[in-house]
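# Close look at the chain arrangement
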Amino acid sequence: GNAIEIEGLTKTYAGQKGEAPKQALRGVDLSIPAGSVFGLLGPNGAGKSTLINILAGLVRKTDGRVTIWGFDQDVNPRQSRAAIGVMPQELNLDPFFAPRAALEVQAGLYGVPKTERRSDEILRMVGLEDKANAYARTLSGGMRRRLLLGKALVHNPQVLVLDEPTAGVDIELRQMLWENVRRLNRERGMTIILTTHYLEEAEEMCDEIAIINHGEVVARDSTANLLGAL
Ligand code: ADP
Ligand code: ADP
């Protein structure tokens, strides 16, 4: 089955005063198979983040239909949100919460009972066990990214979305992120969706790829078919 089904999705951002409205998505149809690692590729401004933010429930769509793990976003907003975890691109973290506390707060937001929380396991997985109680403002950019990955996992979502996970990160962290993502996919069957503009990352990680340009899906195929010819 499909982890994600998107039909006729459009998004028009209201323009600032005097500006024309901005059409970021122009009728996207896309289905993403459960258990796959799926890449969204496209140039800056293509609409990738908008698409991801709509999936995450962070941006309201203008029109169309989005189904996550069988739950229609409009009909079952709570269940559809629970099925997805998002590692955002921006390194926005509350400066007052150490990693363990940040994971606990996030788990609380998702209503994960205390007995079912796995903060220590997640800290180990992302390599932050030594920084569990460090002030967030003392964390390097790489550590923040690891924490953001951890936060996306607290409610054990079926679908994990990564927005430009390795933009501007060093080789070591890139390898760690790739390794973690592969393990989540292989060992837990988690469906992974990532945006990237590194072709190498898409080739390395993704089973299938959709290319987005000007708010439309212009190509969609297996990674081998799409990138093999390059
Ligand atoms: P909407 O209410 O249409 O969903 P948002 O609340 O997401 O729009 O955005 C509010 C305003 O922030 C926009 O009208 C826009 O001017 C500005 N903005 C935020 N991010 C961007 C961006 N990436 N490009 C252009 N404008 C942006
Ligand atoms: P990508 O992630 O592929 O770079 P985005 O989804 O961020 O693309 O942006 C798609 C288009 O929508 C761009 O033209 C961008 O400027 C515009 N945009 C994104 N967010 C907003 C916003 N909040 N308000 C207005 N325009 C936006």
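Conventions we followed
- Residues numbered from 1 in each chain as written.
- Chains lettered and ligands numbered in written order.
- Predicted model: local features only at pLDDT ≥ 70, side-chain atom pairs only at ≥ 80, totals over all residues.
- Heavy atoms only, no water.
- 1 Å grid on protein atoms, 1.4 Å probe; cavity = no way out; pocket = protein on both sides within 12 Å on 5 of 7 lines; lining within 4 Å.
- Points joined across faces, edges and corners; volume = space filled by probe spheres on them.
- Helix = DSSP H or I, 4+ residues; strand = E, 2+ residues; numbered from the N terminus.
- Nonpolar A, V, L, I, M, F, W, Y, C, P; charged D, E, K, R; others polar.
- Near = heavy atom within 4 Å.
- Polar contact = N/O pair within 3.5 Å; in protein donor to acceptor, adjacent residues only side chain to side chain.
- Areas by Shrake-Rupley, 256 points an atom, 1.4 Å probe, with all protein chains shown as cover.
- Sits in = over half its atoms within 2 Å of the grid points.
- Core = buried A, V, L, I, M, F, W, Y, C linked by side-chain atoms within 4.5 Å.
- Buried < 20%, exposed > 50% of the residue type's maximum accessible area, 1.4 Å probe, protein only.
- Contact = heavy atoms within 4.5 Å.
- Axes fitted to C-alpha atoms, helices over the stretch in contact; angles between N-to-C directions.
- Parallel < 35°, antiparallel > 145°, perpendicular 65-115°, else oblique.
- Left-handed = near helix turned anticlockwise from the far one by under 90°.

## Here's the deal with the layout of surface pockets
- Its volume calculated, the largest pocket comes out at about 370 Å³.
- Lining the largest pocket are 17 residues, and of these Leu58, Val86, Pro88, Gln106 and Tyr110 lie nearest its centre.
- Elements that contribute at least two residues to the lining of the largest pocket include exactly strand S6 (84-87), helix H3 (99-109) and helix H5 (141-153).
- Grouping the amino acids of the lining of the largest pocket by side-chain chemistry returns 9 nonpolar, 5 polar and 3 charged.
- Lining of the second largest pocket is provided by 15 residues; of these, Gly45, Ala46, Gly47, Lys48 and Ser49 occupy positions nearest its centre.
- Within the residue set of the lining of the second largest pocket, elements represented by two or more residues are strand S2 (22-33) and helix H1 (48-55).
- Here the residues of the lining of the second largest pocket sort into 3 nonpolar, 8 polar and 4 charged.

## Re the site of ligand 1
- The local shell around ligand 1 consists of Lys11, Tyr13, Ala14 and Gln16.
- Take Lys11: an N or O atom from its side chain is 3.0 Å from an oxygen atom of ligand 1.
- Between ligand 1 and the protein, one listed contact pairs an oxygen atom with a side-chain N or O atom of Gln16 at 3.4 Å.
- Notes on ligand 1: free accessible area 560 Å², of which the protein chains cover 32%.
- Counted by class, the shell around ligand 1 contains 2 nonpolar, 1 polar and 1 charged residues.

## Digging into the site of ligand 2
- Every residue lining ligand 2 is accounted for by Tyr13, Lys22, Ala24, Pro43, Asn44, Gly45, Ala46, Gly47, Lys48, Ser49 and Thr50.
- At 3.5 Å, a side-chain N or O of Lys22 approaches an oxygen atom of ligand 2.
- A distance of 2.7 Å separates an oxygen atom of ligand 2 from a polar atom in the backbone of Gly45.
- Relative to its free-state accessible area of 560 Å², ligand 2 is covered by the protein chains to the extent of 62%.
- One can see that ligand 2 is located within the second largest pocket.
- For the shell around ligand 2, the secondary structure elements donating two or more residues are S2 and H1.
- Counting residues per element, the shell around ligand 2 draws most heavily on H1, which supplies 3 residues.

## Concerning empty space enclosed by the protein
- Summed over the entire model, instances satisfying the criterion amount to 2 cavities of 30 Å³ or more.
- Empty space within the largest cavity amounts to approximately 40 Å³.
- Lining the largest cavity, in full, are Leu162, Pro165, Thr166, Leu177, Trp178, Val181, Leu194, Glu201 and Met205.
- Elements with a minimum of two residues in the lining of the largest cavity: helix H6 (171-188) and helix H7 (199-205).
- Of all the elements, H6 adds the most residues to the lining of the largest cavity, at 3 residues.
- Residue classes in the lining of the largest cavity are distributed as 7 nonpolar, 1 polar and 1 charged.
- Volume-wise, the second largest cavity comes out at about 30 Å³.

## Re the nonpolar core
- Leu149, Leu153, Leu160, Leu162 and Ile192 are the most contacted members of the largest nonpolar core, which totals 40 residues.
- For this core, the element with the most residues is H6, which contributes 6 residues.
- Those residues in contact with Ile192 that lie beyond four places of it in its chain are Ser36, Val37, Phe38, Leu160, Leu162, Val181, Leu184 and Asn185.
- Grouped together as the second largest cluster of nonpolar side chains are 25 residues, Ala3, Leu40, Val66 and Ala83 included.

## Topic: the packing of H3 against H5
- Axis separation between H3 and H5 bottoms out at 9 Å; the angle between their running directions is 30 degrees. By the criterion of interaxial angle, the relationship of H3 to H5 is roughly parallel. Both H3 and H5 take part in a crossing whose hand is right-handed. Only Leu147, Gly150 and Lys151 of H5 make contact with H3, whose side of the interface consists of Pro99, Ala102, Leu103 and Gln106.
- Across the contact of H3 with H5, the residue classes tally to 4 nonpolar, 2 polar and 1 charged.

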